[in-house]
Amino acid sequence: MSTVRNIAQGVHSFTSNAFLVDGERTVLVDAGNDFNAVERIEAATGRLDAIVLTHTHPDHIGNVASIVNAFDVDVWGFDPDHELVDRALADGDRVEIGDSTFRALHTPGHKNDHLCLYSRSASALFAGDLVFANGGFGRTDLPEGDRSLLIESIDYLLSEVDESLSTMYVGHGPTVDTNPRHHIELALQAARF
Ligand SMILES: [Zn+2]
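Residues numbered from 1 in each chain as written. Predicted model: local features only at pLDDT ≥ 70, side-chain atom pairs only at ≥ 80, totals over all residues. Heavy atoms only, no water.

Draft legend 1. Structural detail: the sheet that holds strand E11 (residues 167-170). One open sheet accounts for five strands, arranged E7-E8-E9-E10-E11; its pairing is mixed. The strands lining the two open edges of the sheet, one partner per strand, are strand E7 (94-97) and E11. Looking at each pair of strands side by side, their axes are set apart by 25° on average, direction ignored. Inspection of the sheet shows strand E10 (residues 124-128) paired to E11 by four bridges, in the parallel sense. Following the sheet pairing, alanine 124 is matched in E11 by threonine 167. Where helix H4 (residues 147-160) meets the sheet, it contacts strand E8 (100-106), strand E9 (115-119) and E10, and its direction lies at approximately 150° from that of E8. (Pairing = 2+ DSSP bridges. Helix = DSSP H or I, 4+ residues; strand = E, 2+ residues; numbered from the N terminus. Axes fitted to C-alpha atoms, helices over the stretch in contact; angles between N-to-C directions. Contact = heavy atoms within 4.5 Å.)

What follows is the structure, given as structure tokens:
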């Protein structure tokens with residue numbers, strides 16, 4: 001798969017991870033917040049073709065306006081009524097990221113417009129704030145948070161993701177590159193507890 005860089009690496013502010021996926025179509029998965037993303041994209045790839053949002057919490061979208069300003073790209077997300085979203089991605093829709101086709105999985109529970117992005121051929125998953133490494137899962141105490149819906153969404157994710165999944169990129173904390181499916185199973189158990 002294409003090169004994936006977390007351009008929020010080393011940033012100490014209220015930000016999510018922001019994954020710049022280089023390739024045929026250079027895409028930023030989540031924009032992050034409160035750091036100079038434009039400068040980091042310029043330094044890493046010097047180009048950008050689109051932004052895809054896992055969801056629209058402030059720590060994931062704060063940098064969107066400045067990036068759109070600099071690179072004149074469309075923003076893809078679940079909710080076309082959101083002011084920052086230009087292109088809607090419904091459950092099952094496909095979107096090109098890097099050198100691969102990813103499928104959008106509508107996975108509410110943390111937030112209503114939450115998507116995971118999965119590519120079987122690239123064996124990669126962008127999990128947003130649904131699940132994290134070591135059984136972590138998204139908080140459900142914010143508006144639109146719903147624990148039972150979150151559990152359903154993790155279940156749905158597990159039903160879609162192959163045993164062979166090799167890399168899971170998450171909204172916060174480290175990327176999981178050893179048996180990510182197991183980490184999703186741990187999150188399901190933990191969320192059910
Ligand atoms: Zn969030």
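Now, onward.
Draft legend 2. Spotlight on the coordination of the zinc ion. Of the protein atoms, only His55 (NE2), His57 (ND1), His110 (NE2) and Asp129 (OD) coordinate the zinc ion, at distances of 2.1 to 2.4 Å. One way to put it: the four donor atoms around the zinc ion meet at angles of 87 to 173°, and that makes the site irregular. Sequence spacing among the residues donating to the zinc ion works out to H-x1-H-x52-H-x18-D. One end of the pair, histidine 57, is in the loop between strand E4 (50-52) and helix H2 (58-61); the other, aspartate 129, is in the loop between E10 and H4, and 72 residues separate them in sequence. For the residue pair histidine 57 and aspartate 129, the accessibility class agrees, reading buried in each case. (Donors = N, O, S within 2.8 Å, 3.2 Å for Na, K, Ca; no water. Tetrahedral: all angles 85-135°; square planar, octahedral: opposite > 155°, others 65-115°. Buried < 20%, exposed > 50% of the residue type's maximum accessible area, 1.4 Å probe, protein only.)

Draft legend 3. Here's a closer look at H4. With 14 residues, H4 extends 20 Å between its outermost C-alpha atoms, agreeing within 8% with the 20 Å of an ideal straight helix rising 1.5 Å per residue. Within H4, the full set of buried residues consists of Leu150, Ile151, Ser153, Ile154, Leu157, Leu158 and Glu160. Buried positions along H4 lie against E8, E9, E10 and helix H5 (180-192). (Expected span 1.5 Å × (residues − 1).)

Draft legend 4. Inspection of the pairing of E10 at higher detail. For E10, the buried fraction is high: five of the five residues fall into the buried class. The side-chain alternation of E10 yields two buried faces, one formed by Ala124, Phe126 and Gly128 and the other by Leu125 and Ala127. Relative to E10, E9 runs antiparallel, the two sharing three bridges. Its bridge partner being in E10, leucine 117 is matched across the sheet by phenylalanine 126.

Draft legend 5. Structural detail: helix H3 (residues 64-71). By the burial criterion, the buried members of H3 are Val64, Ile67 and Phe71. Looking straight down H3, one finds that the buried residues subtend no more than 70° of arc, so they occupy a single side. Those residues of H3 hidden inside the fold are in contact with strand E3 (27-29), helix H1 (37-44), E4, H2 and strand E5 (74-77). Aspartate 72 sits one or two residues past H3 and shows a positive phi near 55°. (Arc of directions from axis to C-beta.)

Draft legend 6. Broad picture of the side chain of histidine 57. A residue is classified by how much of its surface remains accessible, and histidine 57, at 10% relative accessible area, is buried. A distance of 3.3 Å separates polar atoms of two side chains, one belonging to histidine 57 and the other to histidine 55. Beyond its immediate sequence surroundings of up to four residues, histidine 57 is in contact with His110, Lys111 and Leu142. (Polar contact = N/O pair within 3.5 Å; in protein donor to acceptor, adjacent residues only side chain to side chain.)

Draft legend 7. Focus on the packing of H1 against H3. Where H1 meets H3, the closest approach of the two axes is 9 Å, and the angle between their N-to-C directions is 45°. In terms of orientation, H1 lies oblique with respect to H3. Between H1 and H3, the residues in contact are Ala37, Val38, Ile41 and Glu42 and Ser66, Ile67, Ala70 and Phe71, respectively. Taken together, the residues of the contact of H1 with H3 sort by class into six nonpolar, one polar and one charged. (Parallel < 35°, antiparallel > 145°, perpendicular 65-115°, else oblique. Nonpolar A, V, L, I, M, F, W, Y, C, P; charged D, E, K, R; others polar.)

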